[in-house]
Amino acid sequence: MKLEEKLGRLVFNFDKEPHIIVDTDRCQKCDHQPCLAGCPAGCFKIEAGKLVFNYEDCIECGTCKIICEKDAIKWNYPRGSFGVAYQYG
Ligand code: SF4
Ligand code: SF4
């Protein structure tokens, strides 16, 4: 099953305020960029040679905060009632 299909099984209530903020200036100096492979929802991508982050597909696992090599991530859960809802809890 493709990632898009898996994410399509979840319900997201998007908040216009991002719950995760990435200081992408620090990403320019990050050698390994582990978030690209480490985020299970594919929220980190390279576009036009730069790292871009999209919080809307975030499944709130916390991986990016732990593996970030440059302490570039301000991580919070979404505000109440926003974010991902899982089918089985
Ligand atoms: S690991 Fe952190 S600093 Fe490195 S590219 Fe990802 S978010 Fe940016
Ligand atoms: S919390 Fe998990 S799903 Fe959300 S952006 Fe970070 S690694 Fe990706």
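So, a few notes on the structure that sits alongside this text. Not measured: the values here are computed from a predicted model.

**Notes on the site of ligand 2**
1) Next: The environment of ligand 2 is made up of 15 residues, and the closest members are Cys-39, Cys-58, Cys-61, Gly-62 and Cys-64.
2) Next: Split by residue class, the shell around ligand 2 holds 12 nonpolar, 2 polar and 1 charged.

**Things to note about the side chain of His-19**
1) Next: Examined against the element boundaries, His-19 turns out to sit in the loop between strand S1 (11-13) and strand S2 (20-22).
2) Next: Assessed through its relative accessible area of 10%, His-19 is described here as buried.

**Some words on the pairing of strand S3 (residues 44-47)**
1) Next: Where S3 meets strand S4 (residues 50-53), 4 bridges bridge the pair, whose relative direction is antiparallel. If you follow Glu-47 over to S4, its bridge partner there is Lys-50.
2) Next: Linking two consecutive strands that pair antiparallel, namely S3 and S4, is a turn of 2 residues; a positive phi of about 50 degrees is found at Ala-48 within it.

**A closer look at the site of ligand 1**
1) Next: Around ligand 1, 13 residues are found, and the nearest of them are Cys-27, Cys-30, Pro-34, Cys-35 and Cys-68.
2) Next: Looking at the shell around ligand 1, its residues break down into 10 nonpolar, 1 polar and 2 charged.

**Remarks on the pattern of salt bridges**
1) Next: Evaluated as defined, the whole model comprises 4 salt bridges.
2) Next: Asp-15 is the salt-bridge partner of Arg-79, the closest N and O atoms lying 2.8 Å from each other. Linking Arg-79 in the loop between strand S5 (73-75) and strand S6 (83-85) with Asp-15 in the loop between S1 and S2, this pair joins segments that are 64 residues apart in sequence.
3) Next: By relative accessible area, Asp-15 is classed as buried at 6%.

**A word on the nonpolar core**
1) Next: Within the largest apolar cluster, 19 residues are counted, with the highest numbers of intra-cluster contacts made by Ile-20, Val-22, Cys-43, Phe-44, Phe-53 and Ile-73.
2) Next: Within the residue set of this core, elements represented by two or more residues are S2, S4 and S5.
3) Next: Leaving out residues up to four positions away in the same chain, Cys-43 has contacts with Val-52, Phe-53, Asn-54, Asp-57 and Cys-58.

**Regarding unusual backbone geometry**
1) Next: Backbone geometry at Gln-33 places phi at a positive 45 degrees, although glycine is not the residue there.
2) Next: Tracing the backbone through its elements, the reader meets Gln-33 in the loop between helix H2 (24-27) and helix H3 (35-38).
3) Next: The phi dihedral of Asp-71 is positive, around 50 degrees, even though this residue is not glycine.
4) Next: Mapped onto the elements of the fold, Asp-71 is located in the loop between helix H4 (63-67) and S5.

**Here's the deal with the side chain of Asp-15**
1) Next: Within the structure, Asp-15 has its side chain in polar contact with the backbone nitrogen of Glu-17 (distance 3.1 Å).
2) Next: With residues up to four places along the chain from it excluded, the contact list for Asp-15 reads Tyr-55, Arg-79 and Phe-82.

How each quantity is defined
Residues numbered from 1 in each chain as written. Chains lettered and ligands numbered in written order. Predicted model: local features only at pLDDT ≥ 70, side-chain atom pairs only at ≥ 80, totals over all residues. Heavy atoms only, no water. Near = heavy atom within 4 Å. Nonpolar A, V, L, I, M, F, W, Y, C, P; charged D, E, K, R; others polar. Helix = DSSP H or I, 4+ residues; strand = E, 2+ residues; numbered from the N terminus. Buried < 20%, exposed > 50% of the residue type's maximum accessible area, 1.4 Å probe, protein only. Pairing = 2+ DSSP bridges. Salt bridge = Lys/Arg side-chain N within 4 Å of Asp/Glu carboxyl O. Core = buried A, V, L, I, M, F, W, Y, C linked by side-chain atoms within 4.5 Å. Contact = heavy atoms within 4.5 Å. Polar contact = N/O pair within 3.5 Å; in protein donor to acceptor, adjacent residues only side chain to side chain.

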